[in-house]
Amino acid sequence: QVQLVESGGGLVQPGGSLRLSCAASGTFRTIYFMAWYRQAPAQQRELVEGINSGGNTNYADSVKGRFTISRDNAKNTVYLQMNILKPEDTAVYYCNGEIRGTDGVRKIYWGQGTQVTVSS
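Residues numbered from 1 in each chain as written. Predicted model: local features only at pLDDT ≥ 70, side-chain atom pairs only at ≥ 80, totals over all residues. Heavy atoms only, no water.

Colleague: Can you walk me through the nonpolar core in this structure?
Modeller: Within soluble globular proteins, side chains that are nonpolar generally end up buried alongside one another. In terms of nonpolar packing, the biggest core is built from 29 residues, with W36, L80, M82 and Y93 touching the most fellow members. Mapped by element, the contributors of at least two residues to this core are β3 (18–25), β4 (28–39), β5 (46–51), β7 (67–72), β8 (77–82), β9 (91–101) and β11 (114–118). Setting aside anything within four residues of it in sequence, one finds M82 in contact with G16, S17, L18, L20, R66, F67, Y93 and V116. (Core = buried A, V, L, I, M, F, W, Y, C linked by side-chain atoms within 4.5 Å. Buried < 20%, exposed > 50% of the residue type's maximum accessible area, 1.4 Å probe, protein only. Helix = DSSP H or I, 4+ residues; strand = E, 2+ residues; numbered from the N terminus. Contact = heavy atoms within 4.5 Å.)

Colleague: Could you clarify how one ought to interpret the packing of aromatic side chains in this entry?
Modeller: In the structure shown here, the tally under the stated rule is 2 aromatic pairs. Ring geometry for Y94 versus W110: centroids 6.5 Å apart, planes at 85°, classification edge-to-face. Placement of the pair is Y94 in strand β9 and W110 in strand β10 (residues 106–110), with a sequence separation of 16 residues. Residue Y94 is classed as buried on the basis of its relative accessible area, which comes to 15%. Through successive ring pairs, a cluster of aromatic residues spans Y37, Y94 and W110. We note R19 situated over the ring of Y79; from NZ or CZ to the ring centre the distance is 4.0 Å. Sitting over the ring of Y94, R45 keeps its end group 3.7 Å from the ring centre. (Phe/Tyr/Trp six-rings, centres within 6.5 Å; stacked < 30°, edge-to-face > 60°. Lys NZ or Arg CZ within 6 Å of the ring centre and 35° of its normal.)

From the geometry alone we can't say anything about function, so treat these as descriptive.
Set out below in C-alpha cells:
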C-alpha cells in the first residue's frame, strides 16, 4: 500500500514563509512525477508546481519567483518552499505522485492534504 503523507502546513502572516513536505511510504518500484496542488474554498483544485524524476519543474504563474519545489529521491520526499506568502495562497495543499508499484502498474496517488492559511 503506497501512501503520501504531507506535513508543514499552518497559519502564517502575509509575507511569511512555510515549507511543506510530502513523503511516500510503502512498497513500490519507482516514483516518477511529483507535484503540489491546492484547492481554495469553492474553487477547483489547481496545479501549483511539479517536478519529474530528472528534476525538471513546471509551475503556475501565480507562484513564479515565490515557490520552489524540490525532491530528495533517496528519501522519497518532495518539498514545497513557499516564500512571500499572500492571502490568496490560502488553500488546502495536496501532494500528488505518479508511482510504479510492485505489480508494475503506474498509478496516481494523493496525500490527505494540509491546510495553509495566510492571514494577519
